[in-house]
Amino acid sequence: MLAFILVFGFNQPVVAATLTPATQSELDHVLLWGHSIDQVTAIMAVKLGFQVRPGRDPNGVANRYVRFSDRSYVELEGITRSNANMDPGMLADQSVLHGGPGARTFGLRSSALDQARSLLQRDGFTPTPIFSASRTDPDGGGPSRPPRWRLFAFERQPLTSNLFFIDYAPGNARPFSSADDLVAREHPNSAHELSAVWLLSTSADVDREQLARLGYAQAKAIRIPQISARGYCVSVGAKGIFVLEPDGTGTAAEALRRGGPQILGLSIGVADLGRAKRWAERGYETTLASYRGVLGDAFLAPTQTDLGLLIEFHKMSNTASGDVCGE
């Protein structure tokens, strides 16, 4: 799925009136642009130890994938020609990135997409119509019905970074055979999941309040001294959205000054933290400090120059409670 900012859903049964958009949703994926598709691929694979899977280049924007065992993923993107044909989501990202690396858009997966859109519209949000993958979907392996994915975004974004909701067809969620699908989700650095996205803005309270309006009301106060940031960890299913603001001078303040509101970081859960750390240290030819972070034992890879955001690796066992934002 290329960089749409939309929300879709498949045919679902009638659900209880207590449904909120957050009832059956989970962190799905982040769209990460590189200086080029080969540059961002090399950083993710060579320096960080991820397996990067092939994508397509249908209209001058190429994509590739870092897919995890829980079916979350990072979609890598890069412009391949000057007259690239971009959808509205791509144009929104590039209006601030100007061909550089970074992320401004992420998606939540919902198993009740049509109902979620109706409820959001009722509550004063402006969801777009639902869009479906075409039968010639460039991320697919050929025509299929029902379409591989459906999604919707917002005419007026509710958060300081771009949000969309997406759902996948049952039994047809990814364009791989079963064997290929299993292999595609194994990483040399032992990564298993995208655990959290870090949204940076001038006011963490603004994004926290908007997420509560969207149905994600469970939050706890957090600080990330490694980047001089503070804010909240907001629960989204078993994962989290960190909504952050600068906490004095430092990395967060400088990133905000240079790039405005953005996805400043990603938290990636790994089975073997020592292995992931050794890989990143070899890739960046430096010693990296470990720390006890919001998600437990962790380290921060120095990826900001290469990727336009930071990647935190954390030990998977620290999320055994099933809620990364739990007390």
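Residues numbered from 1 in each chain as written. Predicted model: local features only at pLDDT ≥ 70, side-chain atom pairs only at ≥ 80, totals over all residues. Heavy atoms only, no water.

Draft legend 1. Highlighting the pattern of salt bridges. Here the structure, examined in full by the defined rule, presents 15 salt bridges. R230 is paired through a salt bridge with E245; the nearest N and O atoms lie 3.1 Å apart. Linking R230 in strand β11 (residues 229-236) with E245 in strand β12 (residues 239-246), this pair joins segments that are 15 residues apart in sequence. Given a relative accessible area of 33%, R230 falls into the partly exposed group. Residues R292 and D297 are paired through a salt bridge, measuring 3.1 Å at the closest nitrogen-oxygen approach. Connected through shared salt-bridge partners, R223, R230, E245 and D247 make up one network. (Salt bridge = Lys/Arg side-chain N within 4 Å of Asp/Glu carboxyl O. Helix = DSSP H or I, 4+ residues; strand = E, 2+ residues; numbered from the N terminus. Buried < 20%, exposed > 50% of the residue type's maximum accessible area, 1.4 Å probe, protein only.)

Draft legend 2. Region of interest: the state of the cysteines. All told, the structure shown has one disulfide when counted by the stated rule. There is a disulfide in this structure between C233 and C325, and the S-S distance comes to 1.9 Å. With the S-S dihedral at roughly -70°, the linkage between C233 and C325 falls on the left-handed side. Here the residue C233 occupies a position in strand β11, and C325 occupies one in the segment after β16 (310-315), the gap between them amounting to 92 residues. For the pair C233 and C325, a shared accessibility class is recorded, and that class is buried. (Disulfide = S-S within 2.5 Å.)

Draft legend 3. Spotlight on helix α7 (residues 273-284). Look at α7: 16 Å from first C-alpha to last across 12 residues, which is about the 16 Å you get at 1.5 Å a residue. Taken together, the buried positions of α7 are L273, A276, K277, A280, E281 and Y284. In an axial view of α7, the angular spread of the buried residues amounts to 130°, which keeps them on one side of the axis. Structurally, the start of α7 carries an N-cap: the backbone nitrogen of G274 is 3.2 Å from a side-chain oxygen of D272. Downstream of α7 by one or two residues, E285 has phi in the positive range, about 50°. (Expected span 1.5 Å × (residues − 1). Arc of directions from axis to C-beta. Polar contact = N/O pair within 3.5 Å; in protein donor to acceptor, adjacent residues only side chain to side chain.)

Such coordinate-based values are descriptive only and should not be taken to indicate function.
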